[in-house]
Amino acid sequence: MSSEPEATLTVSKIRFGTVIDHIPSGRALNVLKVLGIRGREGYRIAVLMNVESKKLGRKDIVKIEGKILMPEEVSVIALIAPTATINIVKDFRVVEKRRVEVPDRIEGLLRCPNPTCITNKEREPIRTKFRLVSRNPLVLQCEYCGTMVSEKDIIELLGNGIDKR
Ligand code: CTP
Ligand code: ZN
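Cut-offs and rules
Residues numbered from 1 in each chain as written. Chains lettered and ligands numbered in written order. Predicted model: local features only at pLDDT ≥ 70, side-chain atom pairs only at ≥ 80, totals over all residues. Heavy atoms only, no water. Helix = DSSP H or I, 4+ residues; strand = E, 2+ residues; numbered from the N terminus. Buried < 20%, exposed > 50% of the residue type's maximum accessible area, 1.4 Å probe, protein only. Areas by Shrake-Rupley, 256 points an atom, 1.4 Å probe, with all protein chains shown as cover. Lys, Arg positive; Asp, Glu negative; His and termini not counted. Charge placed at Lys NZ, Arg CZ, Asp CG, Glu CD. Domains from an automatic or database assignment. Contact = heavy atoms within 4.5 Å. Buried area = accessible area lost by both parts, 1.4 Å probe. Salt bridge = Lys/Arg side-chain N within 4 Å of Asp/Glu carboxyl O. Polar contact = N/O pair within 3.5 Å; in protein donor to acceptor, adjacent residues only side chain to side chain. Nonpolar A, V, L, I, M, F, W, Y, C, P; charged D, E, K, R; others polar. Donors = N, O, S within 2.8 Å, 3.2 Å for Na, K, Ca; no water. Tetrahedral: all angles 85-135°; square planar, octahedral: opposite > 155°, others 65-115°. Pairing = 2+ DSSP bridges. Axes fitted to C-alpha atoms, helices over the stretch in contact; angles between N-to-C directions.

Some thoughts on the overall build of the protein chain
Consideration 1: Looking only at helices and strands, the protein chain has three helices and nine strands in total.
Consideration 2: Summarising its shape, the C-alpha atoms of the protein chain cover approximately 65 × 30 × 25 Å along the three principal directions.
Consideration 3: Taking all 165 residues of the protein chain together, 43% fall into the buried category.
Consideration 4: Summing over all exposed atoms, the protein chain offers an accessible surface of approximately 10000 Å²; the carbon and sulfur share of this is 50%.
Consideration 5: Distance from the positive charge centre (29 side chains) to the negative charge centre (21 side chains) of the protein chain: 2 Å.

Structural notes on the domain arrangement of the protein chain
Consideration 1: With domains assigned, the protein chain is organised as domain 1 (16-99) and domain 2 (105-157).
Consideration 2: The distance between the C-alpha centroids of domain 1 and domain 2 comes to 24 Å.
Consideration 3: Counting residues at the interface gives seven residues for domain 1 and eight residues for domain 2.
Consideration 4: Buried area between domain 1 and domain 2, both sides added, is near 630 Å², and the carbon and sulfur share of it is 73%.
Consideration 5: Counting across the interface, domain 1 meets domain 2 through one salt bridge.
Consideration 6: Inspection of the region where domain 1 meets domain 2 yields one residue pair in polar contact (both at pLDDT 80 or more).
Consideration 7: Looking at which element gives the most residues to the side of domain 1 that touches domain 2, the answer is helix α2 (residues 71-80), with four residues.
Consideration 8: Its residues placed into classes, the side of domain 1 that touches domain 2 shows four nonpolar, one polar and two charged.

Some remarks on the coordination of the zinc ion (ligand 2)
Consideration 1: Donor atoms from the polypeptide that bind the zinc ion (ligand 2) are Cys112 (SG), Cys117 (SG), Cys142 (SG) and Cys145 (SG), placed at 2.3 to 2.4 Å.
Consideration 2: The site at the zinc ion (ligand 2) holds four donor atoms, and with the angles between them running 102 to 114°, its shape is tetrahedral.
Consideration 3: The sequence motif formed by the donor residues of the zinc ion (ligand 2) is C-x4-C-x24-C-x2-C. The exposure classification of Cys112 matches that of Cys117, with both residues buried.

Quick word on the side chain of Glu73
Consideration 1: Turning to its location among the elements, Glu73 is positioned in helix α2.
Consideration 2: Leaving out residues up to four positions away in the same chain, Glu73 has contacts with Leu35, Lys67 and Ile68.

A few points about the environment of Thr147
Consideration 1: Structurally, Thr147 is set in the loop between β8 (139-142) and β9 (148-150).
Consideration 2: Sequence separation between Thr147 and Cys117 is 30 residues; the distance between their C-alpha atoms is 8.8 Å.
Consideration 3: Sequence-distant contacts of Thr147, that is, excluding residues within four places in its chain, are made with Cys112, Pro113, Asn114, Leu140, Gln141 and Cys142.

Some points on unusual backbone geometry
Consideration 1: A cis amide bond links Asn136 to the next residue, Pro137, at an omega of 0°.
Consideration 2: Relative to the helices and strands, Pro137 is located in the loop between β7 (129-134) and β8.

Structural notes on the environment of Ala84
Consideration 1: Tracing the chain through its elements places Ala84 in the loop between α2 and β4 (85-90).
Consideration 2: We classify Ala84 as buried; its relative accessible area is 0%.
Consideration 3: Counting along the chain gives 36 residues from Ala84 to Asn120, while the straight-line C-alpha distance between them is 31 Å.

Here we look at the sheet that holds β8
Whether parallel or antiparallel, the strands of a sheet pair through hydrogen bonds between backbone atoms.
Consideration 1: The antiparallel open sheet is built from four strands, whose spatial order is β6-β7-β8-β9. Two strands bound the open sheet, and with one partner strand each, they are β6 (105-107) and β9. When strand polarity is set aside, the average angle formed by the axes of neighbouring strands in this sheet is 30°.
Consideration 2: Strand direction decides the pairing type here: β6 and β7, joined by three bridges, are antiparallel. Residue pairing across strands places Arg105 opposite Arg131, the latter belonging to β7.

Okay, structure coming up:
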């Protein structure tokens, strides 16, 4: 009747939680990392990678049962998965669908990659501030030292989770 069974990968709907959909393929694990989720927190999580998408060709999906994402978490996802859609699910229904958006200014989420930047001073480190230079391709600029940060840099910088400063 419908598509061949072996051609689809079926994953249960969730009852309550968040579905992060339309993640660029291959970045699902980066999304979990920036959310600080390591798998030992007890959430039931489904990670789908490289599944078919009408819009993206291939995409990743992360389903987190029992967790509703905070706005700060949504904006950090925007930095590594700008195409993502955040679906808030309650009682099996999508009650809210949000597109992520990179904010014009990003404060305190990313470390500056320039080791001599004032924000990296051992003594009295200050909160980082980046200005959005371009959305596509994603480019940010440190407001203190002018260093340009690309999407690739951001994925590396966020590789170990949010580094709050
Ligand atoms: N989903 C889920 N559990 C639910 C409801 C939805 O896991 N109880 C998942 C769906 O499998 C899908 C995503 O949440 O991956 C969004 O659901 P929905 O809005 O119903 O799908 P679409 O209309 O296809 O979404 P979009 O228009 O954003 O592509
Ligand atoms: Zn700097």
